[in-house]
Structure formats: C-alpha cells, structure tokens
Amino acid sequence: MQSDKKLFVRESSGLIRDISAKDAFSMNFAYLGPAAGVAYPLGFAVALLGSNWVLAIVLGSILMFPVALLYYKLASIMPRSAGDYIYISRVLGPRMGFIQAISNIFVFGSGVPLLAQLELPLVLQPSLEALGVTFHDPSLISFANNFSFSNETSPIFFGFTLLIIGIAALVSALRTKYFALTITVLTFLQIIGTIVMIIGIFLVPNYASAFNSVSLSYGGPTYSSLTQSLAPFSILQTLVLMAAINSFLFLYNNAPTFFGGEVKRGRNTMFIGLVVSYIATAVMSILLVAGLQYKVGIGFYDYTTVNGWLSSNGNGIPIAPNSLIAYLVIPFLNNPAIVLIMVLSAITWYLLYAILNVAIPSRTLFALSFDWMAPTFLSKINDKLKSPVYAVLLIFGINVVFDVLEIYLGFTEGVLVDIVIFMIYQYVPAAIAAIVMAIKKMYGVNDNSLIIIGGISIFSLLLSASLLIAYGLINSSFGSMIFSGNTILNLGLIVGVPLVALGLFEGIKYYRLKQGIDITMTFKEIPPE
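Residues numbered from 1 in each chain as written. Predicted model: local features only at pLDDT ≥ 70, side-chain atom pairs only at ≥ 80, totals over all residues. Heavy atoms only, no water.

S.K.: How should I be thinking about the overall build of the protein chain in this particular structure?
M.R.: A count of helical and extended segments in the protein chain gives 19 helices and zero strands. Taking 24 Å as the expected radius of gyration for a compact globule of 529 residues, we find that the protein chain reaches 23 Å, a close match to that expectation. Along the first, second and third principal axes, the C-alpha atoms of the protein chain reach 80 × 45 × 45 Å. Residues counted as buried form 61% of the 529 residues belonging to the protein chain. For the protein chain, the share of sequence-separated contacts (at least 6 apart) that also reach a separation of at least 24 residues comes to 82%. Split by element, the accessible area of the protein chain, about 19400 Å² in all, is 68% carbon and sulfur. (Helix = DSSP H or I, 4+ residues; strand = E, 2+ residues; numbered from the N terminus. Rg over C-alpha atoms; globule rule 2.2 N^0.38 Å. Buried < 20%, exposed > 50% of the residue type's maximum accessible area, 1.4 Å probe, protein only. Contact = heavy atoms within 4.5 Å. Areas by Shrake-Rupley, 256 points an atom, 1.4 Å probe, with all protein chains shown as cover.)

S.K.: Would you take a moment to explain a positive patch on the surface for this structure?
M.R.: On the surface, Lys22, Lys177, Lys264 and Arg265 cluster together into a positively charged patch. In this structure, Lys264 sits in the loop between helix 10 (235–250) and helix 11 (266–307). (Patch = residues over 30% accessible without salt bridge, like charges linked within 9 Å, V, L, I, M, F, W, Y side chains within 5 Å. Salt bridge = Lys/Arg side-chain N within 4 Å of Asp/Glu carboxyl O. Lys, Arg positive; Asp, Glu negative; His and termini not counted. Charge placed at Lys NZ, Arg CZ, Asp CG, Glu CD.)

S.K.: Looking at this model, I keep getting lost on helix 9 (residues 207–217). Mind explaining?
M.R.: Structurally, the α-helix is built with 3.6 residues per turn, so residues lying three or four positions apart point the same way. Along helix 9, the residues classified as buried are Tyr207, Ala208, Ala210, Phe211, Asn212, Val214 and Ser215. Looking at the packing, one finds that the buried side of helix 9 touches helix 8 (176–203), helix 11 and helix 12 (324–329). Phi turns positive, to about 75°, at Gly219, one or two residues after helix 9.

S.K.: Please explain the packing of aromatic side chains as it appears in this structure.
M.R.: One pair of aromatic rings is described through two measures. These are the centre distance and the angle between the planes. Here the structure, examined in full by the defined rule, presents 36 aromatic pairs. Measuring from centroid to centroid gives 6.0 Å for Phe44 and Phe478, while their planes differ by 65°, and the two rings are edge-to-face. Pair noted here: Phe44 is in the loop between helix 2 (34–42) and helix 3 (53–77) and Phe478 is in helix 17 (residues 476–482), with a separation of 434 residues, a long-range link. Over the ring of Phe179 we find Arg363; its NZ or CZ atom is 5.8 Å from the centre of that ring. (Phe/Tyr/Trp six-rings, centres within 6.5 Å; stacked < 30°, edge-to-face > 60°. Lys NZ or Arg CZ within 6 Å of the ring centre and 35° of its normal.)

S.K.: Can you walk me through the pattern of salt bridges in this structure?
M.R.: It is possible for side chains of opposite charge to pair when their charged atoms get near one another. Per the counting criterion, the structure on display carries five salt bridges. For Arg175, the salt bridge goes to Asp18, with nearest N and O atoms at 3.7 Å. Of the two residues, Arg175 sits in the loop between helix 7 (155–172) and helix 8 while Asp18 sits in the segment before helix 1 (21–32), which places them 157 residues apart along the sequence. Among the residues examined, Asp18 registers a relative accessible area of 15% and is labelled buried.

S.K.: Help me understand a nonpolar patch on the surface, please; the structure alone is not making it clear to me.
M.R.: Together, Leu55, Phe233, Ile235, Leu236, Ile469, Leu473, Ile474 and Phe483 give the surface a local cluster of nonpolar side chains, amounting to about 760 Å² of exposed area. No other element matches helix 16 (residues 449–474), which puts three residues into the nonpolar patch. For Leu473, a relative accessible area of 66% gives the class exposed.

S.K.: What exactly am I supposed to notice about the environment of Ile198 here?
M.R.: By the element assignment, Ile198 lies in helix 8. Considering only alpha carbons, one finds Ile198 and Leu351, 153 residues apart in sequence, at a separation of 21 Å. Among residues more than four places away in sequence, those in contact with Ile198 are Met284, Leu287 and Leu288.

S.K.: Explain the nonpolar core here, please?
M.R.: Generally speaking, a soluble globular protein has its nonpolar side chains buried in company with each other. Of all hydrophobic cores here, the largest spans 198 residues; its most connected members are Trp309, Ile319 and Trp349. Once you skip the residues sitting within four places of it in the chain, Trp349 turns out to touch Ala35, Ala36, Val123, Gln190, Met197, Ser323, Leu324 and Ile325. (Core = buried A, V, L, I, M, F, W, Y, C linked by side-chain atoms within 4.5 Å.)

Structure, rendered in structure tokens:
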C-alpha cells in the first residue's frame, strides 16, 4: 500500500542549519532563565520557612544535571527538529510520540499567554516604577499601575499581552539565522544584566541600610519591621524547595533539541548548547540565591513578597515587590546606568520564554505534519523566510485563544498541571526511550551510559514531582499554592490530554490509511534532513 506513497511529506525537511554553538547556548540559557527561574519558585518559600535556599538550589542543580546530559546524548543520536517527539515516536512507538506532541502543543499553547501575563506585573510594573523613582518621573510610576495583577482585565493589560505574543510569533517566523540572532542578542543582554545584579548585590555593604535610606525618604517602614523570624532548619522543606526550583528552573534544559535539524556541527554545538549553558545557568542561579539569602535576607524577602513594604497608611517605596528585580534594584536607585541595565535585562526574562515557547511547538507541529500526522501545509517552508510560517501562525492563534480564555473567561490551570504533563508525557518517556535504545542497540547506539543516565534522570524527575505533591498533601499552606485552580479541570487536563491524543491518533491513522498511507511505516524511519 505504501509503495506508491512517500514515507514523509517530502524527501527533505527544507530547514536550514543556521544555528551556531553561540546561538544554541543562548537558546538554552534563555529557556532556563536563571533570574526568572529563581524568582518564581522562591514564591513558595513563604510556606517553607525552615528551608535553606542555597542548599536547595545547589542540590537541585546537581540532581537535574543528568537530564541535561541525557538530552545532549539524544540530540547527538537523532539531530532532528522537534526533539522529544522524534526520540519517543521512533523508539517507544507513534502513539507515545503523538501523546508527547499533543502535550507539548497544549502546554506551550496555553503557557505563552501566561508568560505574557506574568511579564507585565512581575517585570514591567516594577521596572517602570524603578525608572520612575530613578528619574523622578511620577508619570512612569502611575502608568506602571496598568500592569498590576489587579488590572489584568483592563484593555491596556490585555493589549500588551497580545503585543508580547505577537512579538514572540514574529520572531519565531523569521529565517532561522535571524531568529537565532534575536535570541542571542536578547540573551546577551540578559546575561549582562544578571551579572550586574549578582556583582551589585554582593558589593552592597548593608542591604538593610540601603533599604532604610530609600524607604524612610518616602515615609515608609524600616527593614527590621518588615522581617519575620524563620523556623528551625528543615531538610524536608529544603528538599521540597529544591523540587520547586527543579520544576520551574532546571527542568527546562533542552531548548536546542527542538531545533536539532537547524543546528550546525550538531554534536559540539549541542554540548555547548545543553551542557555548558546548564552549568553557566546553575552557577548564576546559585549566586543569585546566595545574594538573596545572605544579603537581602530570607525573613525580609518572605515577608515583603506577601505583605509588601508599604506602611499601614500606604507610604513607602513606590515599587511593587513582585519579583527579583524589585529587590535587587533598591540599592542602586541613584545610579541610572545600573538601573537601566537591570531593567532592560529583566524585560528579556519572560519575553525570551515567550519567543521560545512559540517556536518550540511550531517545530513539533511541523514534525507532525512531516510525518503525515497533521495537515501537510503545516510542514510547508516559506520560500523567503525558510521557516515553518504556517505552523507558527497556528500556534499564535492558539496562544491568542488561550489569552482570552485565561484573562476573561476564568480558564486557570493549577501550578502542577504543566509540570506533571511535561514530566509524565515528555521527559520521562524521553529517558525511557534512551534506555530502550541502549538496551536494544537501536539506530546504531552502542552507549550503555544511556541506561545509567536515563535511570538517574527518571529518578530525579519523579522525586521532584513526588516531593511537591506529597508535601502539598500534608501541608495545607503549601498545598493551597501548589494545588491552586479548579481541581476537576486540573485532573481533567492531566488525564484528558493523552486520551484526546490517542483518539486523534487513531482517527488520523484511519484517514491516512484511506489515502493509501500506512503511517506505521513512517515511524520506523528517522525523518530526513
């Protein structure tokens, strides 16, 4: 039946290998995002008052390193775009691969709008307020209020989320070398700003005095009045914080693998892109957390992230303590150059996340189409841009729909939903695929280290997920954070995504068979370059 039909839509993917080692490094560094990746999980620390932040992030960086090594080895074996979808579908079978692909598209389709929504109150609001303080411009402080959490249904807030999503789609649709260049330039800016933040916070002689100087000038409270006492050290709470850091920072360590068919000099480039970038991110993340713990102070950070740093009558520093940038900029508000560097760097945090989170599922959608598992026009490469523009546009459309659902119609996923979906349907199957390849020596693989690395990766991933779930069940304060959202919706998504994927798979298989295409034959081959 397949004799007169091609195994794939085309004999060549049409993708151009324009991504250099520098670009791959930038992609993964941005995907991990040390500053934003640290700030989000530390929000859970208010329910983990006995945790040691530095110990948690050091342990997390070590525990998740084998996952980075795993992806380096997988990308070396199968250097094709769409990463996990290729590894899983060619080793564990098309159904598992299709579940991963649908999970990938769903998570990023619903996740990009959330990133755009977080960019505004977590970065843009405190950044504009910091600039307003530094340049003595009250209008900037006033305008920044449009981006607070309380104004997320306003037309301005919604319009800016659409703008961020649009920018992410536009960059993702560019020719690969310009897409990669944009990522690299923005990542360079992020790295410079992160280094300035690290050096700056460690050079501050006394953070409490610096804070008091600014706060008292606005009639606000003192540092000591905003500092809560900590609980005795708890190894369990430290491990739970480690799991949170793993889930929101170190888990996202495989960005270049989704562009494997567009990478130059695959093996060396992937080593720099996956392993070296992970190490660089881990070092910077540890230093940032050390600065927060030992210079800013855990008691102060925990208290003010929940209660703010204004007095009871509303006086105080007019910068919302919503994220890392607000805390690190305080000692330098009289230094415009440093403030500008920090602010410009911070703006790249969620913007880069958004760009990559549009581009990644577009490559997955492209690969599905190339395998006959989606409409064939989605694998079409634009003649001028040499990129899968139609796939990018569809992802953009999905993002806009979820943006409306999340802002205006109350669609809210729990914190754990995306983590569980990612781990169960993407990362763990990829690790299993690596083990199976090594045991069966598939595709010429003769590397038994894959069995060890794959096994350790599965342990690390499941340990992190289990710690979060178990502690959420026994600690109501932490549980209210981790299990937030509609329980029925959350469980429905976790169970429903693979069920929908399997239903779609069988329908597509039947449809293609009617066309004389046996897709089971397609999945026995690695897609051509």
